[in-house]
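# Fold and geometry: a report
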Amino acid sequence: MGISVFLLLSGFALLLWSCCLFMDGLDALSLCLLVLGLFLILISIHFAYF
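Calculation notes
- Residues numbered from 1 in each chain as written.
- Predicted model: local features only at pLDDT ≥ 70, side-chain atom pairs only at ≥ 80, totals over all residues.
- Heavy atoms only, no water.
- Helix = DSSP H or I, 4+ residues; strand = E, 2+ residues; numbered from the N terminus.
- Buried < 20%, exposed > 50% of the residue type's maximum accessible area, 1.4 Å probe, protein only.
- Contact = heavy atoms within 4.5 Å.
- Core = buried A, V, L, I, M, F, W, Y, C linked by side-chain atoms within 4.5 Å.
- Axes fitted to C-alpha atoms, helices over the stretch in contact; angles between N-to-C directions.
- Parallel < 35°, antiparallel > 145°, perpendicular 65-115°, else oblique.
- Left-handed = near helix turned anticlockwise from the far one by under 90°.
- Nonpolar A, V, L, I, M, F, W, Y, C, P; charged D, E, K, R; others polar.

## Observations concerning the side chain of Ser44
If you trace the backbone, Ser44 turns up in helix H2 (residues 28-49). The buried category is assigned to Ser44, whose relative accessible area is 3%. In contact with Ser44, not counting residues within four places along its chain, are Ser4, Leu7 and Leu8.

Put into structure tokens, the structure is as follows:
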């Protein structure tokens, strides 16, 4: 349970960071952070429910 909460919070933090980078312009770093954040959120949901 603890690891899923950590992954969920870090995923949301990466999503927020990538959204802030999107305001400056779309680049490879913001896309990578967006994908990584979504991946961490999906992993945390998997750990929480399965």
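Back to the write-up after that little detour.
## Some remarks on the nonpolar core
Within the largest apolar cluster, five residues are counted, these being Leu7, Leu14, Leu21, Leu33 and Leu40. At the level of elements, helix H1 (2-24) and H2 are the ones that each hand at least two residues to this core. Ranked by residues supplied to this core, first place goes to H1 with three residues.

## Description of the environment of Phe47
Inspection of the secondary structure assignment puts Phe47 in helix H2. Exposure remark for Phe47: the relative accessible area of 47% places this residue in the partly exposed category. Each C-alpha atom of the pair Phe47 and Gly2 lies 9.9 Å from the other, and the pair is 45 residues apart in sequence. Not counting residues up to four positions away in its chain, the partners in contact with Phe47 are Ile3, Ser4 and Leu7.

## Observations concerning the packing of H1 against H2
Where H1 meets H2, the axes come as close as 8 Å, and the angle between the chain directions of the two elements is 160°. By the angle class used here, H1 and H2 are roughly antiparallel. The way H1 lies across H2 gives a crossing that is left-handed. Considering only residue class, the contact of H1 with H2 consists of 20 nonpolar, seven polar and no charged.

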